[in-house]
Amino acid sequence: MPSHYEELARRLTGIGAVKRDLARNLPADCPPGPAAVLTVLDRHGEMRLSRLSELLAVDISVTSRHVAHVAERGWIDRETDPGDGRCRILRLTPAGSRLLADIAARYTAALERALADWSTEDIAALNTLLARLRSSF
């Protein structure tokens with residue numbers, strides 16, 4: 001009989017499927033990688049590319065491609081770092097904030113559809129447990 005931890009490990013792989021299904025709700029020109037860039041900048045504020053790469057936990061070359069994608073669409077600004085002219089500071093633009101609001105609305109609507117038969121208490125319990133799980137890492 002599998003342990004609770006083994007069962008949890010199997011269940012967590014299903015989170016990837018949920019995330020992929022939610023990603024289908026993203027605008028066509030904003031796949032998950034670029035959306036993650038916008039989300040991190042919104043949550044943590046302006047920063048250098050190296051810090052963004054750390055927070056995304058991906059290679060800086062991958063981060064750079066995502067940054068180019070969102071910058072080309074006007075969702076972020078890349079300004080020269082006054083402390084080091086060789087670096088750029090990345091900052092979310094108002095257009096990027098509007099896009100994030102649209103993404104949040106799409107995700108919320110998708111979750112409302114998928115969990116329509118869940119009780120309010122079950123959704124609250126899931127939120128609590130997911131937050132607790134995240135804080136353990």
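Look above for the structure.
Bear in mind that the values here come from a model prediction, so they are computed numbers and not experimental data.

1. Comments concerning the pattern of salt bridges
Argument step 1. Applying the stated criterion across every chain yields a total of 10 salt bridges.
Argument step 2. Within this structure, Glu 7, Arg 10 and Arg 11 form a network of salt bridges that share partners.

2. Concerning the nonpolar core
Across soluble globular proteins, you tend to see nonpolar side chains buried next to one another.
Argument step 1. With 20 residues, the main nonpolar core has Cys 30, Val 37, Leu 38, Leu 41, Leu 52 and Ile 76 as its most contacted residues.
Argument step 2. Breaking this core down by element, the ones donating at least two residues are α2 (32-44), α3 (49-56), α4 (60-72), β3 (84-92) and α5 (94-114).
Argument step 3. When residues of this core are assigned to their parent elements, the largest contribution, 5 residues, is made by α2.

3. Here's the deal with the side chain of His 69
Argument step 1. Tracing the chain through its elements places His 69 in helix α4.
Argument step 2. Here His 69 falls in the buried class, since its relative accessible area comes to 18%.
Argument step 3. Excluding anything up to four places from it in sequence, His 69 contacts Asp 29, Cys 30, Pro 31, Pro 34 and Trp 75.

4. Let's talk about the pairing of β3
Argument step 1. Note that strand β1 (residues 47-48) and β3 share 2 bridges and pair antiparallel. When the sheet's bridge partners are listed, Arg 48 is paired in β3 with Ile 89.
Argument step 2. Two successive antiparallel strands, strand β2 (residues 76-81) and β3, enclose a turn made up of 2 residues.

Reading guide: rules and limits
- Residues numbered from 1 in each chain as written.
- Predicted model: local features only at pLDDT ≥ 70, side-chain atom pairs only at ≥ 80, totals over all residues.
- Heavy atoms only, no water.
- Salt bridge = Lys/Arg side-chain N within 4 Å of Asp/Glu carboxyl O.
- Core = buried A, V, L, I, M, F, W, Y, C linked by side-chain atoms within 4.5 Å.
- Buried < 20%, exposed > 50% of the residue type's maximum accessible area, 1.4 Å probe, protein only.
- Helix = DSSP H or I, 4+ residues; strand = E, 2+ residues; numbered from the N terminus.
- Contact = heavy atoms within 4.5 Å.
- Pairing = 2+ DSSP bridges.

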